[in-house]
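What follows is each chain in one-letter form.
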Amino acid sequence: MAIDYHNLRNWKFEDRIDRYTARDCMIYALGLGYGSDPIDENELRYVHEEQTAVVPTFLATIGAPNGWAADPATGIDWLKILHGEHRMTFHAPMAAHGAVRSTTRVSRVVDKGAGKGALVVTIREITDAETGKPLATVEHVSFCRADGGFGQGDEAPEALPGTPERVPDQVVLLSTLPQQALLYRLNGDLNPVHVLPHMARTAGFDRPILHGLCTYGMAARALLQIYAPTAPERLTGIAARFSSPVFPGESLRTEVWRDGSRLQFRVLAHERDKVVLSNGVASLAQ
């Protein structure tokens, strides 16, 4: 079944309300490797129940519509879908416990041509469920490898910036644990490709891979470590393209270029010198 542009563009999502606690925030932070230095008080703030600090990208794990692209009515070959890009804008700091409302819509369906795939972009607006205060906007770009050529579509989203050619201003090296995917999946992404070797092989990998959004969250961790170790609310936006998988146990090298409040970055699997997140851009509040 091919993509029907109008059907997909007008796909109906039910609003979601999700409750979370400091424990959920701490599990997310542990999944990003926070607390690896037991005497680093800046990091311990994220993994302790008193005045828990919240990594802003925690909102990537709450309220996303589960498995909607697998519905045959979408026309998407969901077995060949990839998470292409992830873009987040933060409108206000998060409390360490509360409830959020997520409202999702399809904002773009882009036909790249027969044999070239399609892009499906969803936008999720996240608000405080009690007050209606905007918390974040999440733009999820899916690359549907097998679904191009349906003949009608929207313009592609504005391209993320390329990597600067000069030497980076800052470099951060963070380790991942061999069992990091097992920790990160406790946030709700139970895709077996991240835990079962035979499923990873079916997907074309010789062993389970790390969640892309874990790598994305670790990029946010690296940026906060450099520029806002005690004030995560200063991170007001982060976006990147998923370029290659990470294998748990590898080290991640985040290279950063700063221009005022604008940061550009990329993340490499350090031991392989392989770019895994590209075209990264983030913003800082002063």
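Residues numbered from 1 in each chain as written. Predicted model: local features only at pLDDT ≥ 70, side-chain atom pairs only at ≥ 80, totals over all residues. Heavy atoms only, no water.

Right, let's talk about the side chain of S251 for a bit. Mapped onto the elements of the fold, S251 is located in strand β8 (residues 251-259). A relative accessible area of 12% places S251 in the buried class. Residue contacts for S251: discarding those within four places in its chain leaves L173, L174, S175, L268, A269, H270 and E271. (Helix = DSSP H or I, 4+ residues; strand = E, 2+ residues; numbered from the N terminus. Buried < 20%, exposed > 50% of the residue type's maximum accessible area, 1.4 Å probe, protein only. Contact = heavy atoms within 4.5 Å.)

Moving on: the environment of V110. Tracing the chain through its elements places V110 in strand β3 (residues 98-111). For the pair V110 and R241, spaced 131 residues apart in sequence, the C-alpha separation works out to 17 Å. Residues in contact with V110, not counting those within four places in the same chain, are G117, A118, L119, F150, D154, E155, A156 and P157.

Attention now moves to the state of the cysteines. For the structure on display, the rule yields 0 disulfides. No disulfide involves C25; its sulfur sits 16 Å from the nearest other cysteine sulfur, which is in C214. (Disulfide = S-S within 2.5 Å.)

Burial runs high along helix α2 (residues 22-31): 7 of the 10 residues are buried. Of all the residues in α2, the buried ones are A22, C25, M26, I27, Y28, A29 and G31. Packing partners of the buried residues in α2 comprise β1 (16-20), α4 (180-184) and α6 (212-227). One or two positions beyond α2, positive phi appears at G33, with a value near 95 degrees.

On to the packing of aromatic side chains, then. Summed over all chains, the structure comprises 7 aromatic pairs. Ring plane angle 65 degrees and centroid distance 5.6 Å describe the contact between Y20 and F58, whose orientation is recorded as edge-to-face. With Y20 in strand β1 and F58 in the loop between α3 (41-44) and β2 (81-90), the pair connects residues that are 38 residues apart, well separated along the chain. For Y20, a relative accessible area of 7% translates into the label buried. Judged by its relative accessible area of 3%, F58 falls in the buried class. For the ring pair Y34 and Y46, a centre distance of 4.4 Å and an interplane angle of 35 degrees mean the geometry is tilted. Within this pair, whereas Y34 is found in the loop between α2 and α3, its partner Y46 is found in the loop between α3 and β2, the two being separated by 12 residues in sequence. Both residues of the pair, Y34 and Y46, count as buried. An aromatic cluster of three or more residues is present, and its members are Y20, Y28, F58 and Y184. (Phe/Tyr/Trp six-rings, centres within 6.5 Å; stacked < 30°, edge-to-face > 60°.)

So, on to the nonpolar core. For soluble globular proteins, nonpolar side chains are generally found buried alongside one another. By size, the foremost hydrophobic cluster in this structure holds 57 residues, and its most contacted members are I238 and F265. A per-element tally of this core places α6 first, with 10 residues. Among all residues touching I238, those that are not within four sequence positions of it are T57, H86, R87, M88, F90, Y216, A219, A220, L223, F265, V281 and A282. Counting 14 residues, the second largest nonpolar core, distinct from the first, contains F13, A69, V106 and F150. (Core = buried A, V, L, I, M, F, W, Y, C linked by side-chain atoms within 4.5 Å.)

Attention shifts here to unusual backbone geometry. Even without being glycine, D273 reaches a positive phi, approximately 50 degrees. Tracing the backbone shows D273 in the loop between β9 (262-269) and β10 (274-284). Taking the relative accessible area as the measure of exposure, D273 reaches 53% and is therefore exposed. For N279, which is not glycine, the phi dihedral falls at a positive 55 degrees. Mapped onto the elements of the fold, N279 is located in strand β10.

Attention shifts here to the sheet that holds β9. One open sheet holds the 10 strands; their spatial order is β1-β3-β4-β5-β2-β7-β10-β9-β8-β6, and the pairing between them is antiparallel. Looking at which strands have only one partner, the edges of the open sheet turn out to be β1 and β6 (170-175). In this sheet, neighbouring strand axes are inclined to one another by 20 degrees on average, regardless of whether the strands run parallel or antiparallel. When β1 meets β3, the two strands line up antiparallel, connected through 5 bridges. (Pairing = 2+ DSSP bridges. Axes fitted to C-alpha atoms, helices over the stretch in contact; angles between N-to-C directions.)

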